[in-house]
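Coordinate inspection notes
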Amino acid sequence: MKQLDHSPIFKTPLTPYLTCTDFTVSKEEFTILLDKETNLLVTSPRPNDSDLGAYYESDNYISHSDGRKTLFDRLYQVVRNYTLTQKIKLIGSFDISGKRVLDIGAGTGDFLAACKNHGWDTTGVEPNTKANAIASKKLLTKLESDIKELSGKQYDVITMWHVLEHVPDLITYITQLKKLLTPNGTLVVAVPNHESYDAKHYGKFWAAYDVPRHLWHFSQKSIEELFSKEKMKVTKVLPMKFDAYYVSLLSEKYRGGKMNPIKAFFTGLKSNLKARGTNQYSSLIYIIKNA
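None of these values were measured; they are calculated from a predicted model.

**Comments concerning the overall build of the protein**
Helix and strand content of the protein: 8 helices and 10 strands. Here the C-alpha radius of gyration of the protein, 18 Å, is about what a compact globule of 291 residues would show, namely 19 Å. Taken along the three principal axes of its C-alpha coordinates, the protein extends 50 × 45 × 40 Å. Sorting the 291 residues of the protein into buried and exposed places 52% on the buried side. Total accessible area on the protein stands at roughly 13600 Å², and carbon and sulfur atoms take up 54% of it. Here the protein contributes 39 positive and 31 negative side-chain charges, whose respective centroids are spaced 6 Å apart.

**Things to note about the nonpolar core**
Ranked by internal contacts, the top residues of the largest apolar core, which has 41 residues, are Ile104, Ile158, Met160, Leu164, Leu187, Phe218 and Phe227. Counting residues per element, the ones that place at least two in this core are β3 (40-43), β4 (100-104), β6 (155-161), α4 (170-180), β7 (181-192), α6 (220-228), β9 (232-239) and β10 (283-290). Not counting residues within four places of it along the chain, the set of residues in contact with phenylalanine 227 comprises Leu164, Ile174, Leu187, Val189, Met232 and Ile288. Core analysis: the second largest hydrophobic core is formed by 18 residues, Ile96, Val157, Met240 and Ile285 among them.

**Concerning the environment of histidine 194**
Counting through the fold element by element, histidine 194 comes out in the loop between β7 and α5 (197-202). For histidine 194, a relative accessible area of 4% puts it in the buried group. Residues histidine 194 and histidine 217 lie 23 residues apart in sequence; the distance between their C-alpha atoms is 6.4 Å. Discounting chain neighbours no more than four positions away, the residues touching histidine 194 are Asn39, Leu41, Ala199, Trp206, Tyr209, His217, Phe218 and Ser219. A polar contact of 2.7 Å, which involves the side chain of histidine 194, links it to the backbone oxygen of asparagine 39.

**Notes on the packing of helix α7 (residues 242-256) against helix α8 (residues 261-275)**
Across the interface, α7 lies against α8 with an axial gap of 8 Å and an inter-helix angle of 135°. It follows that α7 is oblique to α8 by the angle criterion. With respect to the hand of their crossing, α7 and α8 are arranged in right-handed fashion. Here α7 contributes Ala244, Tyr245, Ser248, Leu249 and Glu252 to the contact with α8, which in turn contributes Pro261, Lys263, Ala264, Phe265, Thr267, Gly268, Leu269, Ser271 and Asn272.

**Considering the side chain of threonine 186**
Counting through the fold element by element, threonine 186 comes out in strand β7. Beyond its immediate stretch of four places on either side in the chain, threonine 186 contacts Phe94, Ile96, Asp156, Val157, Ile158, Leu181, Ile287, Ile288 and Lys289.

**What about the side chain of threonine 12?**
With respect to the element layout, threonine 12 can be found in the segment before β1 (15-21). In this structure threonine 12 comes out as buried when scored by relative accessible area, which is 13%. Sequence-distant contacts of threonine 12, that is, excluding residues within four places in its chain, are made with Asp5, His6, Ser7, Asp35 and Glu37.

**With respect to the packing of aromatic side chains**
Applying the stated criterion across every chain yields a total of 8 aromatic pairs. Their ring planes at 35° and their centres at 6.1 Å tell us that phenylalanine 23 and phenylalanine 205 sit as a pair that is tilted. Pair noted here: phenylalanine 23 is in the loop between β1 and β2 (29-35) and phenylalanine 205 is in the loop between α5 and β8 (216-217), with a separation of 182 residues, a long-range link. Since its relative accessible area comes to 22%, phenylalanine 23 is described here as partly exposed. In this structure an aromatic cluster arises from ring pairing among Phe23, Phe205 and Tyr254. Taking NZ or CZ as reference, arginine 46 lies 4.4 Å from the ring centre of tryptophan 216, over its face. The lysine or arginine in question, lysine 87, covers the ring of tryptophan 161, its NZ or CZ lying 4.3 Å from the ring centre.

**Some points on α6**
Those residues of α6 lying buried are Gln220, Ser222, Ile223, Leu226 and Phe227. Around the axis of α6, the buried residues are gathered within 165° of arc, so they sit on the same side. Considering only its buried residues, α6 is in contact with β3, α4, β7, β9 and β10.

**Things to note about unusual backbone geometry**
A cis amide bond links serine 44 with the next residue in sequence, proline 45, at an omega value of 0°. Put simply, valine 211 and proline 212 share a cis peptide bond, and its omega is -5°. Tracing the sequence through the fold places proline 212 in the loop between α5 and β8. Of note, the phi angle at asparagine 39 is positive, near 65°, even though the residue is not glycine. One can find asparagine 39 in the loop between β2 and β3. Asparagine 39 gets classed as partly exposed once you look at its relative accessible area, which sits at 25%. Even without being glycine, leucine 140 reaches a positive phi, approximately 60°.

Parameters at a glance
- All residue numbers refer to position in the chain's written sequence, counted from 1.
- Since the coordinates come from a predicted model, pLDDT governs what is reported: local features require at least 70, and pairs of side-chain atoms require 80 or more to be given and counted, while whole-chain, interface and lining totals use all residues.
- With hydrogens and water excluded, all non-hydrogen atoms of the structure serve as input to the side-chain values.
- Counting from the N terminus, the helices are DSSP H or I runs at least four residues long and the strands are E runs at least two residues long.
- The atom set for the radius of gyration is the C-alpha atoms, and the globule formula is 2.2 Å times the number of residues raised to the power 0.38.
- The rule is simple: take the accessible area with a 1.4 Å probe, protein chains only, and divide by the maximum for that residue type; under 20% is buried, over 50% is exposed, in between is partly exposed.
- Here the open area of atoms and residues is found with the Shrake-Rupley method and a 1.4 Å probe, where only the protein chains shown may cover a residue.
- As used throughout, the charge tally considers Lys and Arg to be positive and Asp and Glu to be negative, leaving His and the chain termini uncounted.
- Where a charge lies is defined by one atom per residue type, namely NZ (Lys), CZ (Arg), CG (Asp) and CD (Glu).
- Joining through side-chain atoms within 4.5 Å is the link that ties buried Ala, Val, Leu, Ile, Met, Phe, Trp, Tyr and Cys residues into a set, and such a set is a nonpolar core.
- Should any heavy atoms of two residues lie within 4.5 Å, those residues are considered in contact.
- In protein, a polar contact means a hydrogen-donor-capable atom and an acceptor-capable atom, both N or O and within 3.5 Å, with residues adjacent in sequence counting only if both atoms are side-chain atoms; elsewhere, any N or O pair within 3.5 Å suffices.
- Here an angle of 0 to 180 degrees is reported between the N-to-C directions of two axes, which are lines fitted to C-alpha atoms, with helices fitted over the stretch in contact.
- For classification purposes, angles smaller than 35 degrees are called roughly parallel, those larger than 145 roughly antiparallel, those between 65 and 115 roughly perpendicular, and all remaining angles oblique.
- Left-handed is the label given to a crossing in which the near helix is rotated counterclockwise from the far helix by less than a right angle, and right-handed is the label when the rotation is clockwise.
- Stacked, edge-to-face and tilted are the three classes for Phe, Tyr and Trp ring pairs, Trp counted by its six-membered ring, which pair at centre distances within 6.5 Å; planes under 30 degrees apart are stacked, over 60 edge-to-face, the rest tilted.
- Here, over-ring charges are defined by two tests on the NZ atom of lysine or the CZ atom of arginine: distance to the ring centre within 6 Å, and angle to the ring normal within 35 degrees.
- Each C-beta atom gives one direction from the helix axis, and the arc is the one those directions make.

Written out as structure tokens, the structure is:
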């Protein structure tokens, strides 16, 4: 296990916050620590980088499969199809010079397939072997397994849909992202928001903590400070409203042993309503440009 005692942003000492269980794979407990200066949460101690892959090896890790076995799987796929349309509209609205898109953490390739159908020149990165194989077959082209393999290339749009929280070496990774982005390009980063109502409501059972796969748990301030260090600026913050319902459904299962769709729906609804005016939704999309 690897221990982190200081925040990667301003080297602030970390203090205990809460302890969570890995409900998806190992059932182990992991500690989450707090950076009080930026409200960044850090999973520590955490598995060594070489051991992290084992914590993704589960049929329950839905983003690495196209499973439709259960009602939950099918519901996930329906919502994913809708959000794909919204994501394509979003990247199509950017003022950029070209249509080269890089999707990091491409999963099974659905977003890139949608991009391709809308005339984008697509490149994908997916480290999970199983998901990479599914995506490569779907796209008829091999996806890379690491952004290091893209050295020297640049893209007009880079997307990371719930990926940044999985990255072990955060500062180095953001430096690499900046190099891959064209000067007037746009970076899209979607991450869970631990300042949301549903996060506070479920506490240690909040599904979006997802330890130890989620190594970082971001606040708006921590995202702004992280990218500011690389002279990049958050220009817009958008909600992902469906996430409140999806995360609440899983959180109900973790807390009570079974999914409670009615309770989950009303918790998700309450979370979205409380977020009006504060933008503290369950997950947020950050639109980031070179400063």
